[in-house]
Amino acid sequence: MSLSIRDISVVALLVLGSGACSSIPSNTPVLLDKTSERIESRSEVILKTLRSVLDEATFAKADVEAIRVGLQSIDSSNLSDKDKKIVANSIGTLKQLELTLGKTKEYGSVPEESNRIFRDSVSSIRLVRQIIATEVDKKALVQDMINIFEKNKGKGDGN
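Residues numbered from 1 in each chain as written. Predicted model: local features only at pLDDT ≥ 70, side-chain atom pairs only at ≥ 80, totals over all residues. Heavy atoms only, no water.

**Q** Any chance you could explain the overall build of the protein chain here in plain terms?
**A** On a plain count of helices and strands, the protein chain comes out with four helices and zero strands. Of the regular secondary structure in the protein chain, the N- to C-terminal order runs α-α-α-α. Counting every position in the protein chain, which comprises 159 residues, the buried fraction comes to 20%. Long-range contacts, defined here as pairs at least 24 residues apart, represent 89% of the contacts in the protein chain between residues at least 6 apart. (Helix = DSSP H or I, 4+ residues; strand = E, 2+ residues; numbered from the N terminus. Buried < 20%, exposed > 50% of the residue type's maximum accessible area, 1.4 Å probe, protein only. Contact = heavy atoms within 4.5 Å.)

**Q** Looking at this structure, how should I read the environment of Arg 119?
**A** Relative to the assigned elements, Arg 119 resides in helix α4 (residues 110-157). Residues Arg 119 and Glu 40, 79 residues apart in the sequence, show an inter-C-alpha distance of 7.7 Å.

**Q** Teacher, can you tell me more about the pattern of salt bridges here?
**A** Note on pairing: side chains with opposite charge can pair once their charged atoms come close. Tallied over the entire structure, the rule returns six salt bridges. Among the ionic pairs, Arg 51 bridges to Glu 112, the shortest N-O distance being 3.6 Å. Of this pair, Arg 51 sits in helix α2 (residues 28-72) while Glu 112 is found in helix α4, placing the two residues 61 residues apart along the sequence. Owing to a relative accessible area of 34%, Arg 51 belongs among the partly exposed residues under this scheme. Between Glu 98 and Arg 68 there is a salt bridge; the shortest N-O distance is 2.2 Å. With a gap of 30 residues between them, Glu 98 in helix α3 (residues 81-102) and Arg 68 in helix α2 connect regions that are remote in the sequence. Here Glu 98 and Arg 68 have matching classes, each one buried. (Salt bridge = Lys/Arg side-chain N within 4 Å of Asp/Glu carboxyl O.)

**Q** Would you take a moment to explain the nonpolar core for this structure?
**A** Generally speaking, a soluble globular protein has its nonpolar side chains buried in company with each other. In terms of nonpolar packing, the biggest core is built from five residues, these being Ile 24, Leu 32, Ile 125, Ile 132 and Val 136. Among the elements that make up this core, the one with the highest residue count is α4 (three residues). Residues contacting Ile 125, with those up to four places away along its chain left out, are Leu 32, Ser 36 and Ile 39. (Core = buried A, V, L, I, M, F, W, Y, C linked by side-chain atoms within 4.5 Å.)

**Q** Before we go on, may I ask you to explain α3 in this structure?
**A** In an α-helix there are 3.6 residues to a turn, and that puts residues three or four apart on one side. Between the first and last C-alpha of α3 there are 31 Å, a value that for 22 residues agrees with the 32 Å anticipated at 1.5 Å per step. Val 87, Ile 91, Leu 94, Glu 98 and Leu 101 are the residues of α3 that are buried. Taken around the axis of α3, the buried residues stretch over an arc of 95 degrees, which confines them to a single face. Among the exposed residues of α3, those pointing more than 90 degrees away from its buried face are Asp 81, Lys 82, Lys 85, Gln 96 and Leu 99. (Expected span 1.5 Å × (residues − 1). Arc of directions from axis to C-beta.)

**Q** In this structure, what is going on with the side chain of Glu 98? I would like to understand it.
**A** Given the relative accessible area of 9%, Glu 98 is considered buried. Residues contacting Glu 98, with those up to four places away along its chain left out, are Lys 61, Val 64, Glu 65 and Arg 68.

**Q** Help me understand α2 in this model?
**A** Across its 45 residues, α2 extends 64 Å between first and last C-alpha, which sits within 8% of the 66 Å expected from 1.5 Å per residue. All buried positions along α2 are accounted for by Thr 28, Pro 29, Leu 32, Ser 36, Ser 43, Leu 47, Leu 54, Ala 57, Val 64 and Arg 68.

**Q** Is there a simple way to explain the environment of Glu 113 in this structure?
**A** For Glu 113, the position within the fold is in helix α4. A residue is classified by how much of its surface remains accessible, and Glu 113, at 37% relative accessible area, is partly exposed.

**Q** So what exactly am I meant to see when it comes to the confidence of the model for the protein chain here?
**A** Interpreting fine coordinate detail is not advised for predicted regions of low pLDDT. Looking at the protein chain, the pLDDT average stands at 83 and 84% of residues meet or exceed 70. At the level of individual helices and strands, the protein chain shows its lowest average pLDDT in helix α1 (residues 5-21), which scores 51, and its highest in α3, which scores 94. (pLDDT = per-residue confidence, 0-100.)

**Q** What am I meant to see in the environment of Leu 50 here?
**A** For Leu 50, the position within the fold is in helix α2. Given a relative accessible area of 27%, Leu 50 falls into the partly exposed group. Separated by 62 residues in sequence, Leu 50 and Glu 112 place their C-alpha atoms 9.7 Å apart.

Here it is as structure tokens:
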């Protein structure tokens, strides 16, 4: 059986199309789905943890401030020099701790910004997944067309 130019062109296009898609493993869309789901679930844990840490730091700062104010209000006239030094060192340490805990305000927008970044990342992964799934579908379609062509070619040989 001789192939017509049209048949050769179709086969060439099918082979070319199949070759372009062949480097994408067929399970890639599934892996991207699982990855995006893991990112979503982990991002929720991370965001809740960040919010909890920031809230706890705020509460701890208030507690430390209350303790510092309480220590500063102690009448130290009845204390020994050693005890005065201990109270003064404690107050200094508490002030440093307050300053450190106060810096968490700088990170107040981190949970929301992280949430936005996670959402954007998941959206991007899902878009890539759709593109790859389309390419995988094209590969399957091309393979089906090749199979049909070969089947028809086989039928033509017997005639």
